[in-house]
Structures are given as structure tokens and as C-alpha cells.
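Below, each chain spelled out in residue letters.
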Amino acid sequence: MFRTLAVSLVVFASISGCAGKPAPKTVPTPGTATDPVAHLVPLPVSVERKDGVFEITPATIIYFNGGNHYQLSARFLADFIGLAVGRPLAVEGWQGGTPPPGAIVLTYAEGIGEGGYELNVAPSGITITGGNSSGVFHGVQTLRQLMPVALEYEALRGSARTPRPVPVPAVVVRDKPRFAWRGAMLDVARHFMTVDDVKRYVDLMALHKLNRLHLHLADDQGWRIEISSWPNLTQHGGSTEVMGGPGGFYTQAQYRDIVQYAADRFITIVPEIDMPGHTNAALASYAELNCDGQAKPLYTGTEVGFSALCVEKDVTYKFIDDVVREISAMTPGAWFHIGGDEVKTLSAEQYRGFINRVQGIVQSHGKQMIGWDEIAPANLLPTSVIQYWRPKTTPKEAVAKGAKVIMSVANRAYLDMKYDATTPIGLTWAAIIGVKDSYDWDPAAVADGVPEASLLGVEAPLWSETLATINDVEFLAFPRLAAIAELAWTPQSQRQWDDFRVRLGAQSSRWTALGLNFYRSPEIPWR
Ligand code: NGO
């Protein structure tokens, strides 16, 4: 780690000069490892290099225009830069007019579009103009990637060794996302991840402009979210995980904390309670949910498809109503994911009837239902969403009737697949997915009858049968989650693998500064 710091500081020094001496007013040579303008990930729609640099000092003020959601981005930036310059920058409201010279101004304008932004770095100051508040946050993340990587190291540890000004190369970036849904999923059921682990993943997502974190909160091997009206779900059903580890669960207060932490980074939490299958943990916790009235033993293996709620019993729907109600009340986002995958013990008719009924429950609690693509034959409401995962199938009939799709096709988007034959963790059932495989595809060309217009966006699931720690999570997620982030953000026509791999290679110093345990894939020219 000491070596890592040394490398980071050399990179920093090469841009800014050492403390005490004035920073040189030059930009790095285009195309070198220290040229952040050429190495943004995800690639913006347009980047125009300009002459000079803007230097942020402890006296630089961040002005925001437009209420609390804009203030969030201002505070994020003030804290991030503050660690390098020695104290948090001042944040002040700004009512429009000519921006004060030498300031960073965060504002908004019509016509830029949801999530989009314009970032203007000039020697006289910085302006980020968002299409809305999330657009400003995305502009802040681009600005962050233009700053020396040493700031990441300092932000992680809470102080700089030697406070000094922060140089930012002059540039004009105009940018907006291809898809509204740019997601990642964490399976905290097969192996439990702590609140801090989830927050770490949220932080890594935010850097890459991802905006949906889907939490797979219950499966055969564990129930991970406290439900007050059914306490044994976590007391008993949360006590196991794959291979017999100790399990764990989030209290409602912890879940709310995760939701808020993510919301402060413009990431919406999407809770999933998988049903009617993948429910052994619930069936072990409450005997009445079983058709024979007998509680199942807890399960720590990795088979799928053997469990199902008793779909003929009324108590099952009382149970689901309580669970959906309690979780929905803690979830400001619009969606509730009901799983619905891999049910092998019910007839097609029983299954469809179940999904239709659960859809009504989800709707009665004010949420839109999402389910894995097995739900496609049910009577889906126009607001319900299909998450496509099974290669070689297509939900085209449902799409023809208006259903929207989140693209997560397993042979491209599943982060739990191995990178190559040597990868020590991960699965192979869908594919071996190298970095190029995860990048070089078009989500609008995967499934017959599922065109761009039907796609809400893209999401990369990370299932945790073989991963036990946040280190394992990072190893399988990076660099492929960065590839998926760019695929979801950048227009298809602008994405080129040969260009991406070079920009990705330049992330290694920032990722190292962040302490990220990424896979140094031989496909990438790491710097
Ligand atoms: C499948 C299955 C999950 C597994 C995962 C492993 C879906 C939607 N259901 O994906 O239970 O964990 O594969 O890759």
C-alpha cells in the first residue's frame, strides 16, 4: 500500500508541482498517462480540450443554484477537494446572474436533459450546468476524474499529507446518458455483505455514473431485511449463508441508512424479495408458509428451483402483503422487485396466477413491479418491468404489448461469471466473460423483438454463491462494471473497444488510490 501511495503522489506531483512552489500552469501532454481529459470513463458525448488550467485553492467558493438536491453535489465536491487543499471549500447558494470569478458554480438549465450536464472548466472558473440535479452530480463525477488521483487516496483516508492547490485542465464537456436505468445488483442473500460493504459499492457506482442499486435481499440461503411483523425471517432465516457462514441481516434502521447514503449519491435502491421460488429461508422461518405446514430445514447449498411458497394458501398473500408494505414504506424509489425466477415446482397456471396477484399487492403499496424475465407471460400492467437475463429466450410478446425491459443478459452482464479459466472465484454456466465480452455488445441487439425503445436500460447483477467478502465483490466487478457503466451511458455509435481499453488502462492509478481490488486483465494496457 505504501508503494501505491508513492505512485499516486508521483502522478499528482507531475501535474501540480510540490507544495510550497506554485503549480505550473500547463496541461499534461495529450495522450500520456497523466492526461485525464483523454481518459474519462464513461466516455462523454463530447469533450473539447481548451488552453490552460483552473487552480482550486482553499479560498475557492462553490456556489449552487436550485435547492437541496443541488447542494448535495456542492457538498460532495467541497468535501472531496477539501481534503487536498486542507479544509472543506465554502458552499453558498447563488441566485443567478454573472458567476463570480474564480468560483465553481453548479446550476441547471432547460434543454440539457435528465441526467445530462455541461461542464466548463476555464482558467477563470468552473461551471457545471445540469439538466436536473442528477445531471449536476454526473458533471461533478466528470470533474472528479479530471483532478489528480491522489485526491481519491486522501478522500478515502480523511486527510492530505501536504495540502496544496488542485489543478484542473480547461475543457468543455457536453454529456448525457443513453439510458435512464444504469444499474448494478448485489446478491447479499447467498453471502451477506455489511452496510459498509454496500456503501463502498455505492461509492464505486457513483464514480461511474451508475444510478440504480438492486439489492437481492432474500433467497434460499438467507433472509437479509428485518420485517417487524414477521421477526423470525431474520432471527432464524437470516442466520445462515452459502457454505454455512454466519449470515446476517439489515435492521430497518440500517436499510434506511443505505437508502439515504445511496440517495445522496443519486442512486436509487431497488429492493428484491425473490418469490415464489428461492424462498427456503422464509419456509424455514414460518411453518405456515409451507403447503404441508412443516418448516423446512435451513439451507446452505447452491441448488436452485427446489423451493416455493404455498401459492394456494391465503396466509402466503398476507405474508407478501406485509413484506411488500414494510419494505415499500422504507424505499422512496418507484420499484419493488419480486424475483419470479426459476420456479420448478408449480404449474404454468399456478405461477401466472401468483404473479398476477403479487403484482396487485405491489401496486397497492404504490410501487411498480419488476421481475426476472420468467414473469413475461403474466398479465403485466404497463408499469411493470421485465429484467431480461436468460440468453436465447425473448419476452417479445410482452414487449409487443408495451412491457419495458432492463437488459441483464447473463452471458454479457453477469459479473459473477469468470473472466477466464484461471479466475479463482465465480461461475461459468452462462459464459466466460472477458472485459471485451462485457463491453463489446449492444443491449438493443440482444433479443429478437426487444429494441432500444423497449429498454429502460442495463443492469449488471453480481450473484454471491462464490464470493464472501467485499474484496471478492470488487475483483469480479472491476473492471467489468466500468465497461457496463459506459455501455449504459455512452451512445452506441461512439463506443469502440480499442479506445475503451486504453481509457480503462488509465484508470488503474485512480483505482489503486481508491484501494480497489480490481482484476488486472491481460486484455487491458494498464498504466
Ligand atoms: C441465475 C439465478 C440465480 C443465480 C445466478 C448465478 C437468476 C435470475 N437466477 O440468475 O439464482 O444466483 O443465476 O449466476
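Residues numbered from 1 in each chain as written. Predicted model: local features only at pLDDT ≥ 70, side-chain atom pairs only at ≥ 80, totals over all residues. Heavy atoms only, no water.

Caption draft 1: Highlighting the state of the cysteines. Applying the stated criterion across every chain, the model contains one disulfide. A disulfide bridge connects C291 with C310, and the sulfur atoms are separated by 2.1 Å. Looking down the S-S bond of the C291 and C310 bridge, the torsion is 100 degrees, so its handedness is right-handed. Taken together, the positions of C291 in the loop between α8 (280–285) and α9 (314–329) and C310 in the loop between α8 and α9 put the pair 19 residues apart, joining distant regions of the chain. A relative accessible area of 4% means that C310 is categorised as buried. (Disulfide = S-S within 2.5 Å. Helix = DSSP H or I, 4+ residues; strand = E, 2+ residues; numbered from the N terminus. Buried < 20%, exposed > 50% of the residue type's maximum accessible area, 1.4 Å probe, protein only.)

Caption draft 2: Seen up close, the side chain of S508. Among the structural elements, S508 can be located in helix α17 (residues 508–513). If we ignore the near neighbours within four places in the chain, the residues touching S508 are F518, W526 and R527. (Contact = heavy atoms within 4.5 Å.)

Caption draft 3: Spatial organisation of the site of the ligand. Of all residues adjacent to the ligand, which total 13 residues, the nearest are D341, Y414, D416, W429 and E465. The side chain of R190 places a nitrogen or oxygen atom 2.8 Å from an oxygen atom of the ligand. A total of 340 Å² of accessible area belongs to the ligand in isolation, and the protein chains cover 97% of it. Its residues assigned to classes, the shell around the ligand comprises seven nonpolar, one polar and five charged. (Near = heavy atom within 4 Å. Polar contact = N/O pair within 3.5 Å; in protein donor to acceptor, adjacent residues only side chain to side chain. Areas by Shrake-Rupley, 256 points an atom, 1.4 Å probe, with all protein chains shown as cover. Nonpolar A, V, L, I, M, F, W, Y, C, P; charged D, E, K, R; others polar.)

Caption draft 4: Inspection of the environment of V188 at higher detail. Within the secondary structure, V188 is located in the loop between β8 (181–187) and α5 (195–207). Filtering out sequence-adjacent residues up to four positions away, V188 remains in contact with M193, H216, L217, R224 and Y250.

Caption draft 5: Up close: helix α14 (residues 470–477). Summarising burial for α14: seven of the eight residues are buried, a large majority. For α14, the set of buried residues is I470, D472, V473, E474, F475, L476 and A477. On its buried face, α14 is in contact with β8, α5, β17 (455–462) and α15 (480–489).

Caption draft 6: Spatial organisation of the packing of aromatic side chains. In this structure the tally under the stated criterion is 26 aromatic pairs. Summarising the aromatic geometry, the rings of Y317 and F354 are spaced 5.9 Å apart at their centres and angled 50 degrees between planes, so their arrangement reads as tilted. One end of the pair, Y317, is in helix α9; the other, F354, is in helix α10 (residues 348–364), and 37 residues separate them in sequence. Taken individually, Y317 and F354 each receive the classification buried, so the pair is uniform in this respect. In this structure, R480 packs its charged tip against the face of Y419, placed 3.8 Å from the ring centre. A cation sits over an aromatic face here: R495 above Y439, 4.6 Å from the ring centre. (Phe/Tyr/Trp six-rings, centres within 6.5 Å; stacked < 30°, edge-to-face > 60°. Lys NZ or Arg CZ within 6 Å of the ring centre and 35° of its normal.)

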